[in-house]
Amino acid sequence: MYLQAAAGISPQPSFEQICSSPVVYPGNRLSCIEPDYTRRIDPRMIRRMSRIIRMGVAAALDCLKASGIGMPDAIITGTAYGCLKDTEVFLSKMVENKEDLLTPTAFIQSTHNTIGAQIALLLKCHNYNNTLVQRGFSFESALLDAISLLEDREAKNVLVGGIDELTDTSFALLSRFGSYRRSLADSTSLYEEQDRGTIAGEGAAFFLVSGEPSGNDYAKLEEIDTFYKPGGANRTEAYIRDFLTAHGIRMEEIDLVITGRNGNAKDDAVYEQIERAVFKDKATARFKHLCGEYPTASSFALWLAAHCLKEKKTPAGILWSGMEAAPRRILIYNHYQNTHHALYLLSAC
Amino acid sequence: MADLKKQIIAQLNLKNLEPDNIGDDQPLFNEGLGLDSIDALELIVLLQQDYKIKLTNAEEGQQVFRSVRTMAQYIMDHQPGSK
């Protein structure tokens, strides 16, 4: 599968900015840098869109524009939390009004598939439209759905994206569960001291994928695999080795490994063991200090890897060990809460 | 009517509009402000929430929500103690 175009809205303004001087955030929370939506979306439609919908729709439109394809054969989105803010609004109103009055717009737009639906409405696209909600596998499930369509030749190109938002309420609730660091000087110090909790994040990343090369692709997604609750780092190590063996990939053929290290001692212990045992002496990189942790953060990693391959450079700010200036093949290994593990193998076109 | 216009703008999130941009007799739907059926639901909520007026007859809505003036009139006619 070929990544014909990639676009995203994240706490970082652009890949170029990540290369030159990534935005550093104080504290334990990263928020997306939002563009001027009126340049992308009809203002009459914007008024009804919550922040996550605007982010998703704008990223999708940017991606389509970059690909030169106006009408995709399918639109597939992956999101774990869906339109949280709208859900909060209508649930709060229900309580405030003693279940007597709902806010129609927030209620209608609170469903997980609103972003995919809004993209279709804007494009007047009546093609296949699906939203996958699978917690830490939401984006991977969307990609697998896209792969199925391409392999079955039911679509020539698919617009696929991963989106999740962080709201004040979700941040407060997840903080109470101990998900985020209690004290963190800034986003760059995330990995310096291993502690309980990570850094909160959000983002929207979209890709135009096709089964055939276009001649101007960002990258080729050679393989993707997921495994759930592998049962310890040894089993995880075995899964990764099996993945590489099954696809005939030797370790020396991988130039860069991007892992989902997030500063949480419990989560990073898995990465540490895998890096020592499987990726020893490999150039490794990390990305959660740029986008934060969220269930579809792997979509940001894919966006980042696709740009590294397209631009033939690795931003210095993501390198963790080794040096890899112009990678030709990248492996992404990310896990969400040590339950949802995903592997992506990409190569330059 | 200026207050009602402000409430409509807030309820429908019409960020690009000021109360002065809405004419008293300008149609709210179709060729006027261009509101749609979801906005109609929001206006029903506005009446109930801010004025404690429950619009029970759907057909009545077409007349009530024709313009800001018709809405204001309906509110005045149905305010507690107006009859």
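A short tour of the structure in this document, coming up. Quick caveat: nothing in here was measured; it's all calculated off a predicted structure.

**Topic: the overall build of chain A**
And then number 1: Within chain A one finds 12 helices and 11 strands.
And then number 2: Relative to a compact globule of 349 residues, whose C-alpha radius of gyration would be 20 Å, chain A shows 19 Å and is just as compact.
And then number 3: Based on the C-alpha atoms only, the size of chain A along its principal axes is roughly 60 × 45 × 40 Å.
And then number 4: Taking all contacts inside chain A whose residues are at least 6 apart in sequence as the whole, residues at least 24 apart take part in 76%.
And then number 5: Between the mean site of the 37 positive side-chain charges and the mean site of the 42 negative ones, chain A shows a separation of 2 Å.

**A short note on the sheet that holds strand β1 (residues 2-9) of chain A**
Whether parallel or antiparallel, the strands of a sheet pair through hydrogen bonds between backbone atoms.
Residues and elements named next belong to chain A.
And then number 1: Across the sheet, which stays open at both edges, the 11 strands sit in the order β3-β2-β4-β5-β1-β6-β11-β10-β7-β8-β9 with mixed pairing between neighbours. The strands lining the two open edges of the sheet, one partner per strand, are β3 (128-132) and β9 (319-321). Mean inter-strand twist for the sheet, computed between neighbouring axes without regard to direction, equals 25°.
And then number 2: Taken together, the eight bridges between strand β4 (residues 157-164) and strand β5 (residues 203-210) define a ladder with antiparallel strand orientation. Bridged to G161 within β5 is F206.
And then number 3: Its contacts with the sheet put helix α12 (residues 298-311) on β1, β4, β5, β6 (219-228), β7 (256-259), β10 (329-336) and β11 (340-347), and the angle it makes with β10 is roughly 170°.

**Observations concerning the interface of chain B and chain A**
And then number 1: The interface is formed by 14 residues belonging to chain B together with 12 residues belonging to chain A.
And then number 2: Residues R47 of chain A and D39 of chain B are paired through a salt bridge, measuring 2.8 Å at the closest nitrogen-oxygen approach.
And then number 3: The interface formed by chain B and chain A contains seven residue pairs in polar contact (both at pLDDT 80 or more).
And then number 4: Classifying every residue of the side of chain B that touches chain A gives six nonpolar, four polar and four charged.

**What to know about the packing of aromatic side chains**
Residue and element names in this part refer to chain A.
And then number 1: Overall, the coordinates contain nine aromatic pairs over all chains when judged by the stated rule.
And then number 2: Taking 5.8 Å as the distance between ring centres and 40° as the angle between the ring planes, the aromatic pair formed by F139 and F207 counts as tilted. Here the residue F139 occupies a position in helix α7 (residues 138-151), and F207 occupies one in strand β5, the gap between them amounting to 68 residues.
And then number 3: Here F139 falls in the buried class, since its relative accessible area comes to 0%.
And then number 4: Each ring, one from F227 and one from Y239, has its centre 4.4 Å from the other, and the planes form 5°; the classification is stacked. Here F227 is found in strand β6, whereas its partner Y239 is found in helix α9 (residues 233-246), with 12 residues between them in sequence.
And then number 5: Within the aromatic cluster, the residues linked to one another by ring pairs are F287, F300 and W303.
And then number 6: The lysine or arginine in question, R29, covers the ring of F171, its NZ or CZ lying 4.9 Å from the ring centre.
And then number 7: Over the face of the ring belonging to Y218 we find K310, whose NZ or CZ atom lies 5.1 Å from the ring centre.

**A closer look at the nonpolar core**
Here is a general trend for soluble globular proteins: nonpolar side chains tend to be buried in one another's company.
All names here are of chain A.
And then number 1: Of all hydrophobic cores here, the largest spans 50 residues; its most connected members are V158, F207, L302, Y344 and L346.
And then number 2: When residues in this core are grouped by element, the largest group, nine residues, is from α12.
And then number 3: Formed jointly, this core draws a minimum of three residues from each of two domains, domain 1 (2-210) and domain 2 (222-347).
And then number 4: Residue contacts for L346: discarding those within four places in its chain leaves L3, A219, K220, L221, E222, L302, A305, L309, R328, R329, I330 and I332.
And then number 5: Counting 31 residues, the second-largest nonpolar core is a separate cluster that includes A7, L61, C125 and L208.

**Observations concerning a nonpolar patch on the surface**
And then number 1: Taken together, the side chains of L102, F107 and I108 of chain A together with L41 of chain B present a nonpolar region at the surface, about 320 Å² in accessible area.
And then number 2: With respect to the element layout, L41 of chain B can be found in helix α2 (residues 37-51).

**A closer look at the side chain of Q118 of chain A**
All names here are of chain A.
And then number 1: Within the secondary structure, Q118 sits in helix α6 (residues 114-123).
And then number 2: Classification of Q118 as buried rests on a relative accessible area of 10%.
And then number 3: Beyond its immediate chain neighbours, meaning those up to four positions away, Q118 contacts M45, M49, I53, V57 and Q109.

Calculation criteria
Residues numbered from 1 in each chain as written. Chains lettered and ligands numbered in written order. Predicted model: local features only at pLDDT ≥ 70, side-chain atom pairs only at ≥ 80, totals over all residues. Heavy atoms only, no water. Helix = DSSP H or I, 4+ residues; strand = E, 2+ residues; numbered from the N terminus. Rg over C-alpha atoms; globule rule 2.2 N^0.38 Å. Contact = heavy atoms within 4.5 Å. Lys, Arg positive; Asp, Glu negative; His and termini not counted. Charge placed at Lys NZ, Arg CZ, Asp CG, Glu CD. Pairing = 2+ DSSP bridges. Axes fitted to C-alpha atoms, helices over the stretch in contact; angles between N-to-C directions. Salt bridge = Lys/Arg side-chain N within 4 Å of Asp/Glu carboxyl O. Polar contact = N/O pair within 3.5 Å; in protein donor to acceptor, adjacent residues only side chain to side chain. Nonpolar A, V, L, I, M, F, W, Y, C, P; charged D, E, K, R; others polar. Phe/Tyr/Trp six-rings, centres within 6.5 Å; stacked < 30°, edge-to-face > 60°. Buried < 20%, exposed > 50% of the residue type's maximum accessible area, 1.4 Å probe, protein only. Lys NZ or Arg CZ within 6 Å of the ring centre and 35° of its normal. Core = buried A, V, L, I, M, F, W, Y, C linked by side-chain atoms within 4.5 Å. Domains from an automatic or database assignment. Patch = residues over 30% accessible without salt bridge, like charges linked within 9 Å, V, L, I, M, F, W, Y side chains within 5 Å. Areas by Shrake-Rupley, 256 points an atom, 1.4 Å probe, with all protein chains shown as cover.

None of this, on its own, says anything about what the molecule does.
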